Amino acid sequence: MKVLGIETSCDETSAAVVAEDNRVLSNVVLSQDEYFKPFFGVVPEIASRRHLEVIQQVVQQALERAGLSLQEVDLIAATQKPGLIGSLLVGFTYAKALSFSTGKPLVPVDHLHAHIYAAFLENNPPLPAVGVVVSGGHTAAFLVDSQLNFKNIARTRDDAAGEALDKIAKALNLGYPGGPIIDRLSKQGDPDRFSFPFPKLKDASLDFSFSGIKAAAVRMIEKLGINKEHPDFYNFIASFQKSIVEYLLRRVEEILQRYPSRSLILAGGVARNSYLRERFHSWAERRGIRLTIPPGKYCTDNAAMVAALGAQLYKLKGITASLWDTAFSRTEASKGVKQFLSGARH
Ligand code: KG4
Ligand code: ZN
């Protein structure tokens, strides 16, 4: 079985062809980063227009690189949620049109589950596993069982980890996306020069919170006048990056204590971070924990992970979308309507 995957949940337009055994035959990722540099972040309206302009050529390229025609593909998988609604609509609607015109089944894929499934592209992590997505839009943990069911056990209460990195890069006028820039610059700094307080949630939940560390960093930037000329510039950046990673590590330790599992998966754009990878790998080795972090190209948004998970959802559970399904799941849409109505009543 060969699966065409389409991913447009944020600002990457991506299409890929993946075989049923998780072999990636092609993976085309067209980044829009250049468009968002002046804004230090994604502008949803620009992102969806750009997806619309390039989706056809990106899909075409993915098929060409895989050496297949659309007719030779068995299945189409597309990211349905979560993400920017305009961006999601472009990819999911395009996939629906392809499915309708070719008669091939369409599988709706959850973006966060796909991030975790990226760990299976070149590895075979033992299940059940705890999977943690650390990205620009999300930080969330899941229990993943042998049927590839994903049960959400923690999420961020405020900023995502990548969002915090991007915002501090913006506060220091470093560019966008901030995560890779902070990763690079941190190598020149002393990560122990500054410390940032870790948030404490008042309840017993395992949720994440990154806004406190970010706010403390913003206050420090203002108080100490940190900028590119400041003698502690690199030390500040390295210390901030370390705090994000250490906080994440501490939280993951707590999650594993409550949910003992056969392995740990870390995925999402921030899992590309070189300090994070080193730190988690050495920690896992010491503790005897089976850790899988996908190769960098499968951490940031890509359609290979969507196609690969789509194949499993179809094979194991027979999941398909109908023409009535849209880039919002129905339950979310009805939740939205209920919220709107209850808000309107008060
Ligand atoms: O998974 P992703 O491509 O998109 C979302 O689903 O959000 O993640 C993008 C995030 C951005 O915040 C970006 O700054 C961060 O991943 N990122 C990194 C690195 N590469 C990308 N953060 C830290 N170090 C990196 N090397
Ligand atoms: Zn993502």
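See the structure printed just above.
Visitor: For this particular structure, what's the right way to read the pairing of strand β2 (residues 12-19)?
Guide: In the case of a regular strand, side chains alternate between the two sheet surfaces. For β2, the tally of buried residues reaches 8 of 8 residues, placing the bulk of the element in the interior. Alternating residues of β2 divide into Glu12, Ser14, Ala16 and Val18 and Thr13, Ala15, Val17 and Ala19, and every residue in both groups is buried. Across 6 bridges, strand β1 (residues 2-7) lies against β2 in antiparallel orientation. By the bridge assignment for β2, Gly5 is matched with Ala16. Taking the residues between adjacent antiparallel strands as the criterion, β1 and β2 are bridged by 4 residues. In the sheet, β2 pairs with strand β3 (residues 24-31) via 7 bridges, with the strands oriented antiparallel. Considered in β3, the bridge of Ala15 is made with Val28.

Visitor: Would you mind showing me how to read the side chain of Ser243 here?
Guide: On the secondary structure map, Ser243 appears in helix α8 (residues 233-258). By relative accessible area, Ser243 is classed as buried at 7%. In contact with Ser243, not counting residues within four places along its chain, are Phe196, Phe198 and Ile213.

Visitor: Is there a simple way to think about the sheet that holds strand β7 (residues 139-144) in this case?
Guide: Picture the strands of a sheet paired through backbone hydrogen bonds; they go either parallel or antiparallel. The 5 strands are arranged β8-β7-β6-β9-β10 in an open sheet whose pairing can be described as mixed. Edge positions in the open sheet fall to β8 (150-155) and β10 (291-292), since each of these has one partner strand only. Judged from the 5 bridges that link them, strand β6 (residues 129-134) and strand β9 (residues 263-267) form a sheet pairing that is parallel. Paired with Gly131 across the strands is Ile265, a residue of β9.

Visitor: How should I be thinking about the site of ligand 1 in this particular structure?
Guide: What surrounds ligand 1 is a group of 20 residues, the closest being Gly136, Gly137, Asp166, Asp183 and Asp301. Backbone polar atom of Gly137 to an oxygen atom of ligand 1: 2.9 Å apart, as the coordinates give it. For ligand 1, a nitrogen atom lies 2.9 Å from a polar atom in the side chain of Asp183. For ligand 1, whose free accessible area comes to 560 Å², the fraction covered by protein is 90%. Going through the elements one at a time, α4 (111-117), α5 (161-171) and α6 (178-186) are the ones with two or more residues in the shell around ligand 1. Here the residues of the shell around ligand 1 sort into 5 nonpolar, 11 polar and 4 charged.

What counts, and where the lines are drawn
- Residues numbered from 1 in each chain as written.
- Chains lettered and ligands numbered in written order.
- Predicted model: local features only at pLDDT ≥ 70, side-chain atom pairs only at ≥ 80, totals over all residues.
- Heavy atoms only, no water.
- Buried < 20%, exposed > 50% of the residue type's maximum accessible area, 1.4 Å probe, protein only.
- Helix = DSSP H or I, 4+ residues; strand = E, 2+ residues; numbered from the N terminus.
- Pairing = 2+ DSSP bridges.
- Contact = heavy atoms within 4.5 Å.
- Near = heavy atom within 4 Å.
- Polar contact = N/O pair within 3.5 Å; in protein donor to acceptor, adjacent residues only side chain to side chain.
- Areas by Shrake-Rupley, 256 points an atom, 1.4 Å probe, with all protein chains shown as cover.
- Nonpolar A, V, L, I, M, F, W, Y, C, P; charged D, E, K, R; others polar.

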